[in-house]
Amino acid sequence: MEAKNKYNWRLVLGPVILLGGIILGIFWSGFPPYLVSFLTALGAVFIVIGIRMMKYGDSAKGDERTRKIWAYSAAYSWWLTYVAIAALYLVDYLKIVELTVGSILGILLVTISLSQIIISWILSRKGDIQ
Amino acid sequence: MKTRIKELRARFGLTQEDLAKKVGVRRETILFLERGKYNPSLKLAYDIARALKAKNIEEVFIFDEE
């Protein structure tokens, strides 16, 4: 239990940063919006990590099964993103949709992170990589 | 891979959580091992065999060639 309690500071700091970001964004008109996004995201990350550390203690970083699943999902996600890049290239080449650099980066960012999360969830439900 | 983890665990009155802590893995890993859905590394198999006071790995893990 003591090992788990040492991670409580993240659970305290997370909401403070998150709420700080939101409050500064609302009440200080000159506060840059990107800093609001950064602070709220940072606070959310602290909360998520804090909860995981509370639940799993030191093994929150993962044991051999979860590390294996994460490595495989990263590889699958990489291939999926590669396919997405090829598809985006085709879409742009054939002028099907007008794409900007920002939209392409956004699509790739979402593809790589979402696909890794979904694939690792599917693999972890199966138990192992066969 | 079939295992006798559940049987040996019950003999020593250990929960999945207890065994997981002893060998440094998550409870889910023990669960999937007991269901025969996860093939452990040699080190984990050895650690589990030792935690369950087995003489060797074969006493806990039954390798199924099919």
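Residues numbered from 1 in each chain as written. Chains lettered and ligands numbered in written order. Predicted model: local features only at pLDDT ≥ 70, side-chain atom pairs only at ≥ 80, totals over all residues.

## Notes on the overall build of chain B
- Helices and strands together make up the secondary structure of chain B, namely four helices and two strands.
- Sequence-ordered secondary structure for chain B, helices as α and strands as β, is β-α-α-α-α-β.
- Across the 66 residues of chain B, 30% fall into the buried class. (Helix = DSSP H or I, 4+ residues; strand = E, 2+ residues; numbered from the N terminus. Buried ≥ 20, exposed ≤ 12 C-beta atoms within 10 Å, placed from the backbone.)

## Quick word on the overall build of chain A
- Counting secondary structure elements, chain A contains five helices and zero strands.
- When the helices and strands of chain A are listed from N to C terminus, the series reads α-α-α-α-α.
- Within chain A, the proportion of its 130 residues that are buried is 12%.
- Relative to all contacts within chain A whose residues are 6 or more apart in sequence, the contacts with residues 24 or more apart total 68%. (Contact = placed C-beta atoms within 7 Å.)

## Regarding the packing of helix α2 (residues 16-23) of chain B against helix α4 (residues 42-51) of chain B
Residues and elements named next belong to chain B.
- At a minimum axis distance of 9 Å, the contact between α2 and α4 shows a crossing angle of 120°. Taken together, the axes of α2 and α4 are oblique relative to one another. Seen along the crossing, α2 lies across α4 with a hand that is right-handed. For the pair formed by α2 and α4, the contact residues are L19, K22 and V23 on the first element and L44, D47, I48 and A51 on the second.
- Here the contact of α2 with α4 is built from residues that sort into five nonpolar, no polar and two charged. (Axes fitted to C-alpha atoms, helices over the stretch in contact; angles between N-to-C directions. Parallel < 35°, antiparallel > 145°, perpendicular 65-115°, else oblique. Left-handed = near helix turned anticlockwise from the far one by under 90°. Nonpolar A, V, L, I, M, F, W, Y, C, P; charged D, E, K, R; others polar.)

## Quick notes on the interface of chain B and chain A
- Across the contact, eleven residues belong to chain B and eight residues belong to chain A.
- Here the residues of the side of chain B that touches chain A sort into four nonpolar, four polar and three charged.

## Things to note about the nonpolar core
Residues and elements named next belong to chain B.
- Counting residues in each nonpolar core, the largest one holds 15 residues, and the members touching the most others are V23, I30, I48 and V60.
- Looking at this core, the elements that each hand over two or more residues are α2, α3 (27-34) and α4.
- Apart from residues no more than four positions distant in its own chain, V23 is found in contact with L44, D47, I48 and A51. (Core = buried A, V, L, I, M, F, W, Y, C linked by C-beta atoms within 7 Å.)

## Quick word on the packing of α2(B) against α3(B)
Residues and elements named next belong to chain B.
- Look at α2 against α3: their axes get within 8 Å of each other, and the N-to-C directions meet at 110°. Taken together, the axes of α2 and α3 are roughly perpendicular relative to one another. Where α2 abuts α3, its residues Q16, E17, L19 and A20 lie against R27, T29, I30 and L31.

## Some details on unusual backbone geometry
- For K95(A), which is not glycine, the phi torsion reads 55° and is therefore positive.
- Of note, K95(A) is situated in the loop between α4 (64-93) and α5 (101-126).
- In the Ramachandran plot, K53(B) falls in the positive-phi region, its phi being about 55° despite a non-glycine side chain.
- Mapped onto the fold, K53(B) is located in the loop between α4 and β2 (61-62).

## Focus on the confidence of the model for chain A
- Taken over all residues, the pLDDT of chain A has a mean of 84, while the share at 70 or more is 90%.
- Here helix α1 (residues 2-5) of chain A stands out as the element of chain A with the lowest mean pLDDT, 53, in contrast to α4(A), whose mean of 93 is the highest. (pLDDT = per-residue confidence, 0-100.)

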